[in-house]
Amino acid sequence: MNIVVCIKQVPDTTNVRIDPNTNTLIREGVESVINPFDMYAIEEAVRTKEKTGGKVIVISMGPPQVETALREALSLGCDEAILLSDRAFAGSDTWATSYTLAMAIKKIKDFNVIFCGKQASDGDTAQVGPGISAHLDIPQVTYVKKIEKIDEKSAIVYRMTEEGYDVIETPLPVVLTVVKEINTPRIPSLKGKMTAKKAQILAWKAQDLNVNDKFIGLNGSPTQVVKIFTPSPRSGGEIFQGETDEVVVKLIDRIKDELKPKF
Amino acid sequence: MTGIEILSDKCVGCKACLKACPYDAIYMQGKLAVIDEAKCTLCGACVQACKFDAIILRKEEETQKDISEYKGVCVIAEQKKGIIQSVTYELLGKGRELADRLNVELSCILMGHNMEESAHELIFRGADKVYLVDSEKLTHYQDEPYTRVITELINEYKPEIVLCGATSIGRSLISRVAINLRTGLTADCTGLDIDEERRLLLQTRPAFGGNIMATIICPNHRPQMSTVRHKVMKEAEVDKTRKGEVIKKTFPDKLLASRTKILKAVEEETEKINLTEADFIVSGGRGLGCPENFSVIRELAGTLNAAVGASRAAVDADWISYAHQVGQTGKTVCPKIYIACGISGQIQHLAGMSSSDIIIAINKDPDAPIFKVATYGIVGDLFQIVPALAKKIKELTR
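Residues numbered from 1 in each chain as written. Chains lettered and ligands numbered in written order. Predicted model: local features only at pLDDT ≥ 70, side-chain atom pairs only at ≥ 80, totals over all residues.

### Regarding the environment of Lys137(B)
Residues and elements named next belong to chain B. Secondary-structure assignment places Lys-137 in the loop between β9 (129–134) and α5 (143–157). When the 17 C-beta atoms within 10 Å are taken as the criterion, Lys-137 is described as partly exposed. Residues Lys-137 and Ala-257 lie 120 residues apart in sequence; the distance between their C-alpha atoms is 7.7 Å. Residues within four places of Lys-137 in sequence aside, it is in contact with Pro-145 and Leu-256. (Helix = DSSP H or I, 4+ residues; strand = E, 2+ residues; numbered from the N terminus. Buried ≥ 20, exposed ≤ 12 C-beta atoms within 10 Å, placed from the backbone. Contact = placed C-beta atoms within 7 Å.)

### Considering the domain arrangement of chain B
Taken domain by domain, chain B holds domain 1 (3–58), domain 2 (67–256) and domain 3 (275–397). Centre-to-centre separation of domain 1 of chain B and domain 3 of chain B, based on C-alpha positions: 41 Å. (Domains from an automatic or database assignment.)

### Describing the sheet that holds strand β10 (residues 161–165) of chain B
Residues and elements named next belong to chain B. An order of β11-β15-β10-β5-β8-β9-β16 is seen for the seven strands of this open sheet, with the pairing classed as parallel. Lying at the two open borders of the sheet, with one neighbouring strand each, are β11 (185–189) and β16 (245–248). On average, each strand axis in the sheet is inclined to that of its neighbour by 20°, with strand direction left out of account. Across four bridges, β9 lies against β16 in parallel orientation. Counted as the bridge partner of Tyr-131 is Ile-247 from β16. (Pairing = 2+ DSSP bridges. Axes fitted to C-alpha atoms, helices over the stretch in contact; angles between N-to-C directions.)

### A short note on the interface of chain A and chain B
The partner chain B presents 87 residues to the 78 residues of chain A that form the contact. Mapped onto the side of chain A that touches chain B, the elements with two or more residues apiece are α3 (94–108), α4 (128–136), β9 (140–150), β11 (164–171), β14 (224–229), β15 (238–241) and α6 (244–259) of chain A. With nine residues, α6(A) is the single largest residue contributor to the side of chain A that touches chain B. For the side of chain A that touches chain B, the per-class residue count stands at 34 nonpolar, 25 polar and 19 charged. Where β14(A) meets strand β14 (residues 212–217) of chain B, five bridges bridge the pair, whose relative direction is antiparallel. When the sheet's bridge partners are listed, Phe229(A) is paired in β14(B) with Met213(B). (Nonpolar A, V, L, I, M, F, W, Y, C, P; charged D, E, K, R; others polar.)

### Description of the nonpolar core
Grouped together as the largest cluster of nonpolar side chains are 149 residues, with contacts concentrated most on Val5(A), Ile42(A), Val58(A), Ala73(A) and Cys78(A). The greatest single-element share of this core, amounting to eight residues, is contributed by α3(A). When residues of this core are assigned to domains, at least three fall in each of domain 1 (3–58) and domain 2 (67–256) of chain B. Apart from residues lying up to four places away in sequence, Cys78(A) is in contact with Val5(A), Ile42(A), Ala45(A), Val46(A), Val56(A), Val58(A) and Ala73(A). By size, the runner-up hydrophobic cluster in this structure holds 52 residues, among which are Leu288(B), Val296(B), Cys341(B) and Val386(B). (Core = buried A, V, L, I, M, F, W, Y, C linked by C-beta atoms within 7 Å.)

### Some thoughts on the packing of α4(A) against helix α6 (residues 168–181) of chain B
Running from N to C, α4(A) and α6(B) cross one another at 45°; their axes reach a closest spacing of 8 Å. Classed by the angle they form, the pair α4(A) and α6(B) counts as oblique. The two elements α4(A) and α6(B) meet at a crossing, and its hand is right-handed. Of the residues in α6(B), those touching α4(A) at Pro130(A), Gly131(A), Ala134(A) and His135(A) are Ser172(B), Ser175(B), Arg176(B), Ile179(B) and Asn180(B). Residue classes in the contact of α4(A) with α6(B) are distributed as three nonpolar, five polar and one charged. (Parallel < 35°, antiparallel > 145°, perpendicular 65-115°, else oblique. Left-handed = near helix turned anticlockwise from the far one by under 90°.)

Structure, rendered in structure tokens:
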């Protein structure tokens, strides 16, 4: 089985601090990491391969330094890596990104299942996974928290809903976007790290993908950012300290209007 | 030519762009800012930050559609088990306002089975027209048939703005629709406004876990599409005297076919109140010390009819299930009151709850970052304060 996993490199927000004066992110020294949700996608792709056989191809689009993210994915058990890096891809919104990824997947030709994280931690859109499946005109299941059964023809998966989950049967090929609950990602083995270091990474540019120039990068992106600003900081409010009963009474006094419907 | 350029005659070397760049892609060369093309994603943050108009971002405009044909605002209704979800009423409230400002109609697309009565409810809540697609095949949400129906209806009626809930259904569905329509979609908006002069929808959304806000437009494609965060907009009021039209649409079976099949829908009764829907949330974190101590949180939640939330630390320690996790890798919530008990307030947690109306923090560490965002904070032992709070509220509600 040919398994594709799409990943994104994002700023590592687990180490991000906020500048108390300007209330903006302190980006100095912030490293780039694989989007946390994509770690679950990589793990699930590798687990699927271990069950069904075949190989895992990891793809990422972005600037050249994305290579580090791809090598990390290789160290975690992915077999091949493709880097989509071209100045022509810069400025892509979710439409152009999912188009470019879909065209790369088409070039791979033989694919049975495509894994994505449910969303990226920087943009939080959750649009690229469904976007890829729409471009490829194949089914999708989003927010997958369990794969019950998967073979070359079909899969049965659990899709998380606000109330619980749906059990869904889908033919392959399919795009599955996964949530944190699906697995616990492994730590790369020493052997994996060594292999990843030496592995060759395929680099594809726009001209390799048979893409329509009108649909890629900034020009291919229908949306346009017109303003970026930091939200007005939430100012720290009133702090109560002292005897439990006293502080509780003070607090209830402040919020009694909001609580009123309850009384 | 597409690309970004710093005009050396205008750049004064103030470094404002360096600070604004989310990708660390600008550096100084002498007194001039220079863009590292290997890192730059053409996001435009620096263009905004430059006070001297020294940075130019060029884009070739694609003009393929006659966008003036597109008129009106359209809301995609969400129903589960035949019940219209409250996010739909919030969209109608905002949609009505946008439609009035543009002086156009507000329509609503409703898909489901035996939903005619609900269609009238949508009119009472502000819709001028409801396109009702009633079929047994549409009883439950499924990606493909829902996508095809909406795509067909938008191509037929050509609204200039389409709004959909940023729910798990909405996000999956409308992403596919936007690809099919070759138009822009802005996810998870918290603010929507109109640029009346250019008739453009100004879509504001948080990014980088809420640390940055971005306003996004879709100038050359129609419709302009947004998903809107639940609980941010105000619900439309019911006006039973409102008149409108329910237009029934039918589609061939082939269009309603789905390659995926729902075998079973399971409701988990672990917690009665849905976190994202809740008006009140009581959350527990590492400060609880062990899973049994969540009973303290549950007791307070019970008195307030609140949902129970948790920090990642508590979930990772297996004290409570992932469904309760609030924060960047969990759920984003915006209740009226959020009570954080024994949660230090890591940035990832704040990203998921900082848009709550009122934040109450209870923590023994006076330096915990949670106090920086808290409307009210109590420094002290949560095992004394939380039960005392529950007791007091119980007395008052009696």
